[in-house]
Amino acid sequence: MSKMVTLTIDGIKVTVPEGTLLVDAARQAGIHIPVFCYHPKLEPAGMCRMCLVEIGRPMIDRNTGQPILDENGQPKLQFLGKLETACTNTVSEGMVVFTQSEKARQGQKATVEFLLTSHPLDCPICDKGGECPLQDLTMAYGPAQSRFEYEDKIHLAKHVPLGDLIYLDRERCILCSRCIRFQAELVGEAVLTFDERGRSSQIVTVSDPPFDSVFSGNTTDICPVGALTTADFRFGARPWELKAAASICSQCAVGCNIVYNTRREARSDGRIVIKRVLPRQNEEVNDLWICDKGRFGYHYTESRARLTAPRAEGRPVSWEQALQKAAEGLRSASQKALIASGRLSNEDLYTLKRLADHLQMPAYLYTPIGGGEWVRRYGLSTGSDLSALGKGDAILVVASDLYEEAPLWYLRVRQAAERGAALIIAHPRTTRLERQAPHQYVLRYAYGDEGEIIERLRREAKIAQTLHEARNLVIFFGNEGMGLEQSESLAAACADLLVETGHAGRIHNGLIGVWPHPNAQGAWELGFQPIFDLQPLFETMDALYLVALDPFGDGWVRQNGRKPFLIVQDILETATVRQADVVLAACAYTEREGTFTSGERRVQRYYPAVPRYGDSRPDFAITAALGAKLGLNLEAQSAARLFQEIAGAFPAFKGLDYARLAETRPQWPPTGRADYPFSGTAQPNTQGMGKILSAVAEGTMTPLPPTMQKESLRPEEGTLLLVPIHRLFDAGSLLTPSALLHGRIGAPHIILHPKTAQEAGVTAGEKVLIEWEDRQAEALVKVEEHVPVGVGLVPRSMGIPLSRAARARLHLAERVR
Amino acid sequence: MSLAQKYSQEIQAIFAKYPPEQKRSAIMSLLYLAQREEGYISQEAMKEIADMLEISVTEVAGVAGFYTLFHRQKEGKYRIQVCTDLPCALRGADSFLQELAQALGVRPGETTPDGRFTLEEVMCVGACHRAPVFQVQHGDTITFHENMSLEEALAVLKKLE
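(A) Layout of the overall build of chain A. Helix and strand content of chain A: 25 helices and 36 strands. In terms of overall dimensions, chain A is globule-like: its C-alpha atoms have a radius of gyration of 29 Å, near the 28 Å expected for 817 residues. Across its three principal directions, the C-alpha atoms of chain A cover 95 × 65 × 65 Å. Among the 817 residues that make up chain A, the fraction classed as buried is 62%. The long-range share in chain A, meaning contacts at least 24 apart out of those at least 6 apart in sequence, stands at 72%. Entry remark: accessible area of chain A is about 31,200 Å², with carbon and sulfur atoms responsible for 49%. Charged side chains of chain A number 91 positive and 96 negative; the gap between the two group centres comes to 3 Å.

Okay, structure coming up:
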């Protein structure tokens, strides 16, 4: 516990920990000191001079070290002859501060007047208008009229693209450097800076591609003026026209809290549509941030490929006909199975599982990463908080490139490492986390040697010691280079490590699966089973019920002669939908309510943002209607009631309900309308911070790693080993409808080490034909140093249907000059 | 050839001045080196310096952009920088600049067709009392020339190789 300091701000006594910045202390006491450059998540810069205040400090007698008292016995105060910045001064005992004195107001007023000398005052067409700190603070502190000539304003470029996603308006910029500092300090990617100096200063990026960061959108939230805007939202709507719906991001397993801003508009034929995504504060999950995939990837919900009505044999039919047909198909099939993905809510998955049990068919989870059963038993438990990790704790990241797979976890882990947590990274190649985080130990292993990772960690004395001595241990595992079986074994080995080092079953400790889907963990918790190979199912089953997955489009399954009766339930027209006998049109998660369980086992609610599209229905309602035709009575109306059933049926969910999930806790920094200047436009959390599931009962705590069921492929001299990797921006059916991300997605490519490329006789930018097993695909060659020699990295969901490591040959398809 | 290959010893000597964990401090010396080599700091040079210092190329560009004596465009071999701030102007720097421009056949900011000279108008060079004054920047050296008349200035330029 640090020492507490008491001071007086505007006559109010405030007691805060020593070292607190004056601006924060004031805010804690409910006093808003105006700021532009200060942000509570960034180091103070003292650049904008907006927070000028009068500070008096008790005079200290140098001989005695005691305060000098005046005739009334009060400490004598010493004021500096000038105003000081509240954002760079820390509190001290007995300090007396005036934020609203005549002198302070004068300083603040002058600062605004100066900032406005060359500000264009184009508020009527500015996206920030209505939620703009400069606008608000000008109203509150600025002069009504400027003494400067309007004609003397310096005019600068107004539409400068900083990459594909962010635009800079140079004349609106007040050079506060929040965006620069956000990138450099918080993300560790210094891709923005000031060019020139003095009056000529301007924000630039010279990275390749420009503004090379997956967190770029956050700079528009903390920009205190309309200088940085997103390509998605600029000139799209005015903030006061927008309604807000609390939601959870569906793009990965982190479960970032977000808000969908919507409005009804003529240009969308009078429909209510999503206009933008903003982060919603949850200091236990995503702070005030989201990644660009979460911010810009929502357009699939309004894609032209959305299914609007059910179909049978390729023709639109009524729900009654479609359900009847589906029910008949399932009833008459002797061999049948259900496959669902982690894109579905807990309520959907629970309903599906009930139906599967009723029909005595297996319920499989569609996932490239296995091991969820181990996360269910050894994952984080109630009360855990990744932001609590720091000095004395350890984080192990195995076979996962967090920056590409779960950006907010990358940020979380990096921050924990900055606070002093020991970071251990086991990965076959250099990832961004390795380059950007301090306090780390790296274990490099070859692709194919995944089975030995944990054993090698045990043998490295320093790492083993760190793991054993860590107060808390959190392990993230992915599946780079691995098939489902290997990743399951890896998860088991990680769980074993938690047990061995004495970390299992404790708060702030546990295993986290870096799943590609928002609710994969929910599926594991609700009893879904992994399926190692889908192809045989499609060859032996009589009927399959596929919900929220596209195995044909993903290249996991190929049409080989015999075809089962296919019931496909999805939101988009996919390759699998085109194969279906019955298509059931589900609505997007933005059109209904439900819960997701994140990779850290946090159950969180999302709320309806827009009306249902066409005649689509929530997944659980469809399944319930199907169940009704098959003699099973399921809840079809209320997601809340379904969640109650889940809480009754699964011990880990015990005691949870929709009301508890909607609870919030006080958070720092404060957010919301009055705090836009302080914290940016990240939205306050009023609709729920979620709850982490409770630990599964003791007694199930002695796992033994199962042996690898399949031999792993290793790089070998003279051959090329293809390895699928996850990239944040892929060409999956959920991301391609977001046109503005196409530049980031790029073309199908293969990444080779310079030496491998040389041996294959190809150079960067050339098009090659990749042949593996009995398949082939074209790809552009990229050459990067971090790839192991003899390996070709192939991003998943980029049009190259590689689902697991394979030996391959490269042929030059086209020599590009 | 890259800077690292061409000047490996000099670069080693530069890095020796700073503790390894503070090696980004070597940025100024490396920028000087790059500018001496080509007369300006190219994109490639910035990239190389960034890699050497393990910082982003944007950070290197930011430092290069802050200092007016680092240049990012290829210009004349010699940069003639005339101060025309108020005290210098009072001693005739304005007309001196115009005369010099005329004699060289370029406008301030431009380079002579033979690529030898770039004439620049700059802020204070710290010799107000001896204006008209200009400095010649070439490689990593700067030479001052004070109390100049047009004839004297042309004589100075003629002597430059």
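That covers the picture; the talk isn't over yet.
(B) Here's a closer look at the interface of chain B and chain A. Listed per partner, the contact involves 10 residues of chain B and 12 residues of chain A. Between chain B and chain A, roughly 890 Å² of surface is buried when both sides are summed, and carbon and sulfur atoms account for 55% of that area. Taken as a group, T58(B), F66(B) and R72(B) account for 47% of the area that chain B buries against chain A, more than any other trio of residues on that side. The interface formed by chain B and chain A holds 2 salt bridges in total. Between R72(B) and E196(A) there is a salt bridge, with the nearest N and O atoms lying 3.9 Å from each other. There are 6 residue pairs in polar contact (both at pLDDT 80 or more) connecting chain B and chain A.

(C) Highlighting a nonpolar patch on the surface. A contiguous nonpolar patch, built from L77(A), F79(A) and F98(A) and spanning about 220 Å² of accessible area, is present on the exposed surface. For L77(A), the location among the structural elements is in strand β4 (residues 77-79).

(D) Structural detail: the domain arrangement of chain B. Examined at the domain level, chain B breaks down into domain 1 (3-66) and domain 2 (78-160). One C-alpha centre belongs to domain 1 of chain B, the other to domain 2 of chain B; they are set 29 Å apart.

(E) Structural view of the packing of aromatic side chains. Residues and elements named next belong to chain A. Enumeration according to the criterion identifies 26 aromatic pairs over all chains in this entry. Here F79 and F98 contribute two aromatic rings whose centre-to-centre distance is 6.1 Å and whose plane-to-plane angle is 20°, an arrangement assigned as stacked. Highlighted residues: F79 in strand β4 and F98 in strand β6 (residues 96-98), separated in sequence by 19 residues. Overall, F79 belongs to the partly exposed group, its relative accessible area being 34%. Ring geometry for F182 versus W289: centroids 4.8 Å apart, planes at 55°, classification tilted. In this pair, F182 sits in helix α4 (residues 178-187) while W289 sits in the loop between β14 (272-279) and α6 (292-296), placing the two residues 107 residues apart along the sequence.

(F) Spatial organisation of the nonpolar core. Residue and element names in this part refer to chain A. F215, W409, F476, L511, F538, Y545 and F653 are the most contacted members of the largest nonpolar core, which totals 208 residues. In terms of residue count, helix α15 (residues 484-500) provides more of this core than any other element does, 8 residues in total. Not counting residues up to four positions away in its chain, the partners in contact with F215 are F182, Q183, V187, E189, I290, C291, D292, Y403, P407, L408, Y410 and L411.

(G) How the structure looks around the domain arrangement of chain A. Residue and element names in this part refer to chain A. Here chain A is described as being made up of domain 1 (4-100), domain 2 (151-302), domain 3 (311-367 + 524-665 + 685-692), domain 4 (372-514) and domain 5 (720-816). Taking only C-alpha atoms into account, the centre of domain 3 sits 32 Å from that of domain 5. With 7 residues of domain 3 at the interface, the matching set in domain 5 holds 8 residues. For the domain 3 and domain 5 pair, buried surface summed over both sides reaches about 670 Å², with 48% attributable to carbon and sulfur atoms. By the criterion of area lost to domain 5, the three top residues of domain 3 are G555, R558 and L572, representing 53% of everything that side buries. On the surface where domain 3 and domain 5 come into contact, there are 1 salt bridge. Of the charged contacts in the structure, one is a salt bridge between D774 and R558, with a shortest N-O distance of 3.3 Å. Put simply, domain 3 and domain 5 have 2 residue pairs in polar contact (both at pLDDT 80 or more) between them.

(H) Spotlight on helix α21 (residues 639-649) of chain A. Residues and elements named next belong to chain A. For α21, the complete set of buried residues consists of A639, L642, F643, I646 and A647. Around the axis of α21, the buried residues are gathered within 145° of arc, so they sit on the same side. The exposed residues of α21 that point more than 90 degrees off its buried face are Q644 and G648. Buried residues belonging to α21 abut α8 (346-358), β28 (594-597), β29 (602-606), α20 (619-629) and α22 (658-661).

(I) Seen up close, the pairing of strand β17 (residues 336-341) of chain A. Residue and element names in this part refer to chain A. Where burial is concerned, most of β17 is hidden: 6 out of the 6 residues are buried. Judged by which residues are buried, β17 turns out to be covered on both faces: K336, L338 and A340 on one side and A337, I339 and S341 on the other are all buried. Where β17 meets strand β25 (residues 543-547), 5 bridges bridge the pair, whose relative direction is parallel. Paired with A340 across the strands is V547, a residue of β25.

(J) Examining the pattern of salt bridges more closely. All names here are of chain B. Summed over the entire model, instances satisfying the criterion amount to 62 salt bridges over all chains. The salt bridge partner of E37 is K6, with a shortest N-O separation of 2.5 Å. Of the two residues, E37 sits in helix α3 (residues 27-38) while K6 sits in helix α1 (residues 3-6), which places them 31 residues apart along the sequence. Given the relative accessible area of 28%, E37 is considered partly exposed. A relative accessible area of 41% places K6 in the partly exposed class.

(K) A look at the sheet that holds strand β30 (residues 691-692) of chain A. Residue and element names in this part refer to chain A. What the 3 strands build is an open sheet, ordered β28-β29-β30; its pairing is antiparallel. Looking at which strands have only one partner, the edges of the open sheet turn out to be β28 and β30. Docked against the sheet, α8 engages β28 and β29, running at close to 90° with respect to β28.

Cut-offs and rules
Residues numbered from 1 in each chain as written. Chains lettered and ligands numbered in written order. Predicted model: local features only at pLDDT ≥ 70, side-chain atom pairs only at ≥ 80, totals over all residues. Heavy atoms only, no water. Helix = DSSP H or I, 4+ residues; strand = E, 2+ residues; numbered from the N terminus. Rg over C-alpha atoms; globule rule 2.2 N^0.38 Å. Buried < 20%, exposed > 50% of the residue type's maximum accessible area, 1.4 Å probe, protein only. Contact = heavy atoms within 4.5 Å. Areas by Shrake-Rupley, 256 points an atom, 1.4 Å probe, with all protein chains shown as cover. Lys, Arg positive; Asp, Glu negative; His and termini not counted. Charge placed at Lys NZ, Arg CZ, Asp CG, Glu CD. Buried area = accessible area lost by both parts, 1.4 Å probe. Salt bridge = Lys/Arg side-chain N within 4 Å of Asp/Glu carboxyl O. Polar contact = N/O pair within 3.5 Å; in protein donor to acceptor, adjacent residues only side chain to side chain. Patch = residues over 30% accessible without salt bridge, like charges linked within 9 Å, V, L, I, M, F, W, Y side chains within 5 Å. Domains from an automatic or database assignment. Phe/Tyr/Trp six-rings, centres within 6.5 Å; stacked < 30°, edge-to-face > 60°. Core = buried A, V, L, I, M, F, W, Y, C linked by side-chain atoms within 4.5 Å. Arc of directions from axis to C-beta. Pairing = 2+ DSSP bridges. Axes fitted to C-alpha atoms, helices over the stretch in contact; angles between N-to-C directions.

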